[in-house]
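Given next are the chains, with one letter for each unit.
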Amino acid sequence: MRNPEKNIIYFKLEQSMNRIVELLKDFDVKDDYETLQKYSVDYGIMSKSIESKRKLPSAVVFLKKNDEVERLMEIVREYHVPIVERGKGTNTLGGAIPLKENSVVVDLSRMKGYSTEEDSIVSLPGTEFDEVGIEKFPVLPTSFYMASIGGFVSGGSLGLGSLKNGAIWDNVTWVEVYTPSGRKELKGDEVKAVVQAGGTNGIITKMKLKSVKRGKIRVRRTQFSSLEKAVDYAVNQDGAEFLSIRNKKMMSAMGYQSENWTVIVGEEEGGGEDVVFRDLITNFAGAYYTVVNKMKVSYASLDLPLYKLYELNELKDECMVDAELSKSQGIMFSHTYFLDCNFKLEGYKFDLHSVLINDRAEKDRLSKMIEFKRKYDPEDLMNPGKLMF
Ligand SMILES: Cc1cc2nc3c(=O)[nH]c(=O)nc-3n(C[C@H](O)[C@H](O)[C@H](O)COP(=O)(O)OP(=O)(O)OC[C@H]3O[C@@H](n4cnc5c(N)ncnc54)[C@H](O)[C@@H]3O)c2cc1C
């Protein structure tokens, strides 16, 4: 049923939408107003700046098999149809939100299946983490219980396990991707052209990840009166799966009484409380999301080299601070959230209010994405407007 307030806009779009729906008539396709509304948002709408950019798609296509992807890509090529790939739509940076009129959202969450070997997982994009077994993934998003593997490989970054095993791009060893210029297989370092590229370089239809055997995770919270002591303790926690340094204000927002600084360490078989993996969401990366959602406060993030952590002292009474230690391409750093404040601190900005991949990928990976884009999607048909090239 259509929303009467939106009838005028909907009517204007209808003509071009009808043409696209006609082209897609042999697919499992939907174009009713409720579906289009639902597929015009992801969790990125928490940011007003991202929300303001969203457009209603023309149609949503549900794909299950490679031959359907191939047929769709023929239409994309021939009729220059903009595509927005979508797994479960839990991206917080607007990755699955259409920015261009007449886009078609491609739902890949039904393209399921996987196999495991001794040291690897081969998966189709729609498979969920629980289906394979979360203890096998070297890194997984805190949102693992509601996300798809394809969505994490395409749009994710750090998460549970990344302090020990690196980011998602350090753990994908092979991908199959469909671009407007055809099907490609990428291996080794080549995968960095599409991992975290947010679908801007094609539809990922199969991927191989390294796997681990993870035991039970225990979480311990240790209190410190000074930041120096907290940081010194934190950087010596070898083998931790995740680690977060938080100030009193952040702990209080999460419902804990604490000293000035708290270090939360999650470690396999380490001392501390047993924790159901699912509950880690409030203990780790989901923390900023949970607090912002609850308190409706401003938020920003910076990636800081470890020596810069000592500067957080200046913000101790001003901001809620959550510094999550991680590793990417062998280098340890702090993915740091600042809530409810204006701060002047220099670091590498991981922009939580921008839809652009350029505003969060490091230079070397970004140049691989851009090179691939220029070669295989110069018209910017794949998730358009999200990669400046
Ligand atoms: C509470 C909470 C906690 C979170 N914690 C983390 C975290 O720890 N780490 C982290 O990295 N993220 C985190 N996220 C963000 C997000 O949940 C993850 O990145 C998740 O893995 C995305 O999966 P999805 O299936 O929802 O993908 P979607 O949101 O559907 O898609 C993600 C991006 O990939 C593209 N895409 C999806 N599938 C494909 C495909 N097959 N081929 C090409 N492109 C595709 C989309 O266009 C989009 O740009 C969190 C989100 C929430 C709400």
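Conventions we followed
- Residues numbered from 1 in each chain as written.
- Predicted model: local features only at pLDDT ≥ 70, side-chain atom pairs only at ≥ 80, totals over all residues.
- Pairing = 2+ DSSP bridges.
- Helix = DSSP H or I, 4+ residues; strand = E, 2+ residues; numbered from the N terminus.
- Axes fitted to C-alpha atoms, helices over the stretch in contact; angles between N-to-C directions.
- Core = buried A, V, L, I, M, F, W, Y, C linked by C-beta atoms within 7 Å.
- Buried ≥ 20, exposed ≤ 12 C-beta atoms within 10 Å, placed from the backbone.
- Contact = placed C-beta atoms within 7 Å.
- Near = placed C-beta within 6 Å.
- Nonpolar A, V, L, I, M, F, W, Y, C, P; charged D, E, K, R; others polar.
- Domains from an automatic or database assignment.

**Observations regarding the sheet that holds strand 3 (residues 83-86)**
Reading across the sheet, the 4 strands line up as 1-2-4-3 and stay open at both edges, with mixed pairing between neighbours. Looking at strand neighbours, the two that pair on one side only are strand 1 (28-30) and strand 3, the edges of this open sheet. Each strand axis lies, on average, 25° off the axis of its neighbour in the sheet, ignoring direction. Pairing geometry for strand 2 (residues 59-62) and strand 4 (residues 104-107), over 4 bridges, is parallel. Directly across from Val-60, in strand 4, lies its bridge partner Val-105.

**What to know about the nonpolar core**
By size, the foremost hydrophobic cluster in this structure holds 98 residues, and its most contacted members are Val-104, Val-106, Val-172, Val-194, Leu-243, Leu-339 and Met-369. Apart from the residues within four sequence positions on either side, Val-104 is in contact with Ile-20, Leu-24, Pro-57, Ser-58, Ala-59, Val-61, Val-81 and Ile-83.

**Quick word on the site of the ligand**
Looking at the ligand, there are 38 residues lining it, with Gly-87, Gly-95, Gly-151, Gly-155 and Gly-199 nearest. Counting residues per element, the ones that place at least two in the shell around the ligand are strand 3, helix 6 (149-155), strand 9 (203-210) and helix 11 (286-295). In terms of residue count, the dominant contributor to the shell around the ligand is helix 6 (5 residues). The residue makeup of the shell around the ligand, split by class, is 14 nonpolar, 20 polar and 4 charged.

**Considerations on the pairing of strand 16 (residues 331-339)**
Of all the 9 residues making up strand 16, 7 are buried; the element is thus mostly covered by neighbouring parts of the structure. In the sheet, strand 14 (residues 299-304) pairs with strand 16 via 6 bridges, with the strands oriented antiparallel. The partner of Tyr-299 across the bridge, within strand 16, is Leu-339. As consecutive antiparallel partners, strand 15 (residues 320-328) and strand 16 are separated by 2 residues, and within that stretch Gln-329 has a phi angle of approximately 50°, a positive value.

**What to know about unusual backbone geometry**
The residue Lys-296 is not glycine, and still its phi comes out positive at about 55°. Locating Lys-296 in the fold gives a position in the loop between helix 11 and strand 14.

**Re the domain arrangement of the chain**
For the chain, the assigned domains read domain 1 (4-107), domain 2 (114-213 + 358-376) and domain 3 (217-346). The straight-line distance from the C-alpha centre of domain 2 to that of domain 3 is 25 Å. Tallying the contact residues gives 14 residues for domain 2 and 18 residues for domain 3.

**So, the pairing of strand 3**
Here strand 3 shows no split at all, with Ile-83 and Glu-85 on one side and Val-84 and Arg-86 on the other all buried. Bridge count for strand 3 against strand 4 is 4 bridges, and the pairing is parallel. Looking across to strand 4, one finds that Arg-86 is bridged to Asp-107.

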